[in-house]
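Each chain is listed here by its residues.
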Amino acid sequence: MEATKKHRNLTPFRLIRGVACLLVFVSTAFVFLVYCAPSAFLSRFVTIHYRRKVTSFIFSIWLSMWPFLFEKINGTKVVFSGDAVPAEERVLLIANHRTEVDWMYLWNLALRKGFLGSMKYILKSSLMKLPIFGWGFHILEFISVDRKWEVDEPVMRQMLSTFKDPRDSLWLALFPEGTDFTEKKCIASQKFAAEVGLPVLKNVLLPKSRGFCVCLEVLQGSLDAVYDVTIAYKHQRPTFLDNVFGVDPAEVHMHIKRISIDDIPASDSEAASWLMNTFQHKDDLLSEFRTHGHFPKERREAEISTLRCLINITIVVSLTAIFTYLTLFSSIWFKIYVSLACAFLTVVTYFDLRPLPIVDSLNCMFSYKKM
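This one's a predicted model, so the numbers in the text were calculated from it and none came from an experiment. (Residues numbered from 1 in each chain as written. Predicted model: local features only at pLDDT ≥ 70, side-chain atom pairs only at ≥ 80, totals over all residues. Heavy atoms only, no water.)

Visitor: I'm lost on the pairing of strand β5 (residues 171-174) in this one. Help?
Guide: Along a regular strand, successive side chains alternate from one face of the sheet to the other. Burial along β5 is two-sided: W171 and A173 and L172 and L174, pointing in opposite directions, are all buried. The sheet contact formed by strand β2 (residues 91-95) and β5 spans four bridges and is parallel. Bridging from a neighbouring strand, V91 pairs with W171 of β5. Where strand β3 (residues 119-124) and β5 come together, three bridges link them in parallel fashion. Looking at β5, one finds that K120 is bridged to L172. (Buried < 20%, exposed > 50% of the residue type's maximum accessible area, 1.4 Å probe, protein only. Helix = DSSP H or I, 4+ residues; strand = E, 2+ residues; numbered from the N terminus. Pairing = 2+ DSSP bridges.)

In structure tokens:
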């Protein structure tokens, strides 16, 4: 059984600070999306590549506030182990799913490597319906799935096909378990594994291989490596509100294994077996973590820059203040624009609209004619 007492007490100071941080995150996200996202969306009509570069730059400034909250404000220690991550690689990142906030801690690694704005996630479609943040997930081109393969496969293939350009930076994160880990889900997973003759795992759920295989197939020739990331927490698995109020976790441990894409089997059946073996190894790593309190081969990574994060926060808060003032106290046209932008983002997110780029299409057409 895991501990139920939080690592830090929820003091009045932490409560007030957490509410203030949450208000800052929500308000700045709203302003950035309303004033930046529509133009970023419409720029897809011109070219996807340069639209992604601009979007990555703008929203990485906002996203950097989360690692700053975790490490500098909450004081959570992030410990890395395993292989060093090289620079400038396009990768598929697979991770175990311990809790609802695993995906957010991957930003701590991405920020250190300069890929914060290039992170893409495959996530359940219900998250796309979150107020405000669902707009952001759409603009950042996260892939939503319903966990019904006949529905998800064509959506994944279409979206993944737009990520094949080697000029685009890409860290695509996939959680093959499909859901976060709980004792109840683990028991059900173990029962199923015993019935069909698969390995009985104690610390992870059985991985689902079809999404993994489609990623490899569609992105074939455009990926450099697969990063196998195993995540563990000390002293217990945190919730989203634990992160907001800074009461948990004490430490986040990430073990990274880099596998060259050439070393991943090509056929679906062999890739599925490889994925199962990888999760068996994750299970062993997590058992070792529970025994020793750390993963093997710990290594130092550079600290995130406090100065750089403070500059980013200053930029974000200042722009938010300026646009909020213009919206509330300036011309009525700003109010009209914000209303229209909210309606626009709601529609494009709900209907998952992603226009084809005209310039890219014309370039492809002329290239074809010259052949």
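Visitor: How should I be thinking about the sheet that holds strand β8 (residues 298-299) in this particular structure?
Guide: Spatially, β4-β3-β5-β2-β6-β7-β1-β8 is the arrangement adopted by the eight strands of the open sheet, whose pairing is mixed. The sheet terminates laterally at β4 (143-145) and β8, the two strands that pair on one side only. Examined bridge by bridge, β2 and strand β6 (residues 225-234) share five bridges and lie parallel to one another. Following the sheet pairing, I94 is matched in β6 by D228.

Visitor: Would you mind showing me how to read helix α1 (residues 12-42) here?
Guide: Three or four residues apart is the spacing at which side chains of an α-helix point the same way, because the helix has 3.6 residues per turn. Its 31 residues place the ends of α1 45 Å apart at the C-alpha level, agreeing with the 45 Å of an ideal helix rising 1.5 Å per residue. C36 marks where α1 bends most, by close to 40°; the proline P38 follows one to four residues later. (Expected span 1.5 Å × (residues − 1). Bend = angle between axes of the 7 residues up to and from the residue.)

Visitor: Looking at this structure, I do not really get the layout of surface pockets. What am I missing?
Guide: Each pocket or cavity is described by its volume, and for the largest pocket that value is around 1,200 Å³. Together, 45 residues line the largest pocket, and H97, I122, L123, K124 and L127 are the ones closest to its centre. Contributions of two or more residues to the lining of the largest pocket are made by α1, α2 (48-63), α4 (102-113), β3, α5 (133-139), α6 (149-161) and α8 (210-218). Within the lining of the largest pocket, the residues separate by chemical class into 31 nonpolar, six polar and eight charged. One number sums up the size of the second largest pocket: a volume of about 530 Å³. Mapped onto the lining of the second largest pocket, the elements with two or more residues apiece are α2, α4 and α11 (306-329). Take the lining of the second largest pocket: its biggest share by element is nine residues, from α2. Residues that form the lining of the second largest pocket fall into these classes: seven nonpolar, ten polar and nine charged. (1 Å grid on protein atoms, 1.4 Å probe; cavity = no way out; pocket = protein on both sides within 12 Å on 5 of 7 lines; lining within 4 Å. Points joined across faces, edges and corners; volume = space filled by probe spheres on them. Nonpolar A, V, L, I, M, F, W, Y, C, P; charged D, E, K, R; others polar.)

Visitor: Would you take a moment to explain empty space enclosed by the protein for this structure?
Guide: Empty pockets left among the atoms are what a rolling probe the size of a water molecule brings to light. This model, assessed by the stated rule, comprises two cavities of 30 Å³ or more. The computed volume of the second largest cavity comes to approximately 30 Å³. Every residue along the wall of the second largest cavity is listed here: F41, R44, R51, H138, I139, E141, L353 and R354. Considering only residue class, the lining of the second largest cavity consists of three nonpolar, one polar and four charged.

Visitor: Sorry, what's going on with the packing of aromatic side chains here?
Guide: As enumerated under the stated definition, the model contains 24 aromatic pairs in all. Between W103 and W107, the aromatic rings sit 5.3 Å apart at their centres with planes inclined by 75°, giving edge-to-face as the arrangement. In this pair, W103 and W107 both sit in helix α4, four residues apart, roughly one turn of the helix. One exposure class covers both W103 and W107, and it is buried. Note on F212 and W274: the rings are 5.7 Å apart at their centroids and 5° apart in plane angle, and the pair reads as stacked. Here F212 is found in helix α8, whereas its partner W274 is found in helix α10 (residues 268-292), with 62 residues between them in sequence. The exposure class assigned to W274 is buried, which follows from its relative accessible area of 16%. Following the ring pairs from residue to residue traces out a cluster consisting of F25, W62, W66, F70, Y105, F133, Y233 and F240. Here the basic side chain of K282 rests over the ring of F279, its NZ or CZ set 5.5 Å away from the ring centre. (Phe/Tyr/Trp six-rings, centres within 6.5 Å; stacked < 30°, edge-to-face > 60°. Lys NZ or Arg CZ within 6 Å of the ring centre and 35° of its normal.)

Visitor: How do you make sense of the nonpolar core when you look at a structure like this?
Guide: Across soluble globular proteins, you tend to see nonpolar side chains buried next to one another. Counting 66 residues, the largest nonpolar core has W62, L106, W107, Y121, W171, V229 and M254 as its most contacted members. No other element matches α1, which puts eleven residues into this core. Not counting the four nearest positions on each side in its chain, W107 is found in contact with L63, W66, P67, L116, M119 and Y121. (Core = buried A, V, L, I, M, F, W, Y, C linked by side-chain atoms within 4.5 Å. Contact = heavy atoms within 4.5 Å.)

Visitor: What is the right way to look at unusual backbone geometry in this model?
Guide: Excluding glycine, residues mostly have negative phi values, and the peptide bonds linking residues are mostly trans. Of the consecutive residues D248 and P249, the connecting peptide bond is found in the cis state with omega at -5°. Relative to the helices and strands, P249 resides in the loop between α9 (240-245) and β7 (251-260). Its identity as a non-glycine residue notwithstanding, E88 has a phi of 60°, on the positive side. The class of E88 is exposed, set by a relative accessible area of 65%. Although it is not a glycine, D352 adopts a positive phi angle of roughly 50°.

Visitor: Teacher, can you tell me more about a nonpolar patch on the surface here?
Guide: A contiguous nonpolar surface patch, about 440 Å² in accessible area, is contributed by L307, I311, I315, L319 and I322. One can find I311 in helix α11. (Patch = residues over 30% accessible without salt bridge, like charges linked within 9 Å, V, L, I, M, F, W, Y side chains within 5 Å. Areas by Shrake-Rupley, 256 points an atom, 1.4 Å probe, with all protein chains shown as cover. Salt bridge = Lys/Arg side-chain N within 4 Å of Asp/Glu carboxyl O.)

Visitor: Just to check I follow, could you spell out the pattern of salt bridges for this structure?
Guide: Here the idea is simple: oppositely charged side chains can pair when their charged atoms come close. By the definition in use, this model includes 19 salt bridges. Salt-bridge contacts for E251 lead to K234; the nearest nitrogen and oxygen are separated by 3.6 Å. Taken as a pair, E251 in strand β7 and K234 in strand β6 lie far apart in primary sequence, 17 residues in all. Salt bridges sharing partners connect three or more residues here, namely R44, R51, R52, K120, E141 and D168.

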